[in-house]
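Observations on chain architecture
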Amino acid sequence: MQGDNIFVDMDGDWWLGDLGSAVEVGAAVQSTTDWFSQQKLKGQPAKTRYDWYMLAVALAAEVHKADWQEKLLQDGHTPADKVVAAVQEDRAGQGRSLAPL
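Starting afresh in each chain, residues are numbered from 1 along the sequence in its written order. Per-residue local features are limited, in this predicted model, to residues with pLDDT of at least 70; the limit for side-chain atom pairs, both in listing and counting, is 80 or more; totals at the level of whole chains, interfaces and linings are taken over all residues. Each side-chain value is derived from all of the structure's non-hydrogen atoms; neither hydrogens nor water enter the calculation.

1. A word on the overall build of the protein
Each helix is a run of H or I in the DSSP string that is no shorter than four residues. Each strand is a run of E no shorter than two, and both are numbered from the N terminus. In terms of regular secondary structure, the protein is built from three helices and two strands. Under the scheme applied here, a residue whose accessible area is under 20% of the maximum for its type counts as buried, over 50% as exposed, and between as partly exposed, the area being computed with a 1.4 Å probe on protein chains only. Per-residue burial for the protein yields a buried fraction of 26% across its 101 residues. In what follows, a contact means two residues having at least one pair of non-hydrogen atoms within 4.5 Å. Put simply, of all contacts in the protein between residues at least 6 apart along the chain, 35% involve residues at least 24 apart. Here, Shrake-Rupley sampling with a 1.4 Å probe gives the accessible areas, and only protein chains in the shown set may cover a residue. Per element, the accessible surface of the protein, about 7100 Å² overall, is 53% carbon and sulfur.

Below you can see the structure in the form of structure tokens.
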């Protein structure tokens, strides 16, 4: 999942495109963008939470286009604390706060 595959229509509805690597829940993950995930996922049983997580990373990367690698990457992956910090920073910059999880 990446920003280029997230579309917004004229009504403001969001759509995901390019589902070429989609697999059923429980099937082995066949491909992934390693740096979008918390850990190595290829070969692991697919879980819906992986897609939600990668969507959050894609959106955080789009919001922080200029320095997303600095803000999100650690050892070739994107740990959850980095995603949360990037979102909190964005919301704080807009005068909004993010409730803790």
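Now that the structure is up, let's keep going.
2. Some words on helix 1 (residues 48-63)
Each α-helix turn comprises 3.6 residues. Residues three or four places apart therefore point the same way. Under the 1.5 Å per step criterion, the end-to-end length of helix 1 is 23 Å for 16 residues, consistent within 8% with the ideal 22 Å. Listed as buried for helix 1 are Tyr 50, Tyr 53, Met 54, Leu 55, Val 57, Ala 58, Ala 60 and Ala 61. Here a helix's expected span is defined as the number of its residues, less one, multiplied by 1.5 Å.

3. Notes on the pattern of salt bridges
Any Lys or Arg side-chain nitrogen found within 4 Å of a carboxyl oxygen on Asp or Glu counts as a salt bridge. Taken as a whole and judged by the stated rule, the model has three salt bridges. One salt bridge connects Asp 67 with Lys 71, and the closest N-O pair in it is separated by 3.4 Å. We classify Lys 71 as buried; its relative accessible area is 19%. When the shortest N-O distance is used, the salt bridge between Lys 71 and Glu 89 registers 2.9 Å.

4. Some words on the nonpolar core
For soluble globular proteins, nonpolar side chains are generally found buried alongside one another. What is meant by a nonpolar core is a set of buried Ala, Val, Leu, Ile, Met, Phe, Trp, Tyr and Cys residues, joined one to another through side-chain atoms within 4.5 Å. Grouped together as the largest cluster of nonpolar side chains are 17 residues, with contacts concentrated most on Val 29, Phe 36, Leu 41, Val 57, Leu 72 and Val 83. Secondary structure elements with two or more residues in this core: helix 1, helix 2 (68-72) and helix 3 (80-93). Per-element accounting of this core gives the leading share, eight residues, to helix 1. Once residues lying within four places of it in the same chain are set aside, the contact partners of Val 83 are Tyr 53, Ala 56, Val 57, Leu 72 and Thr 78.

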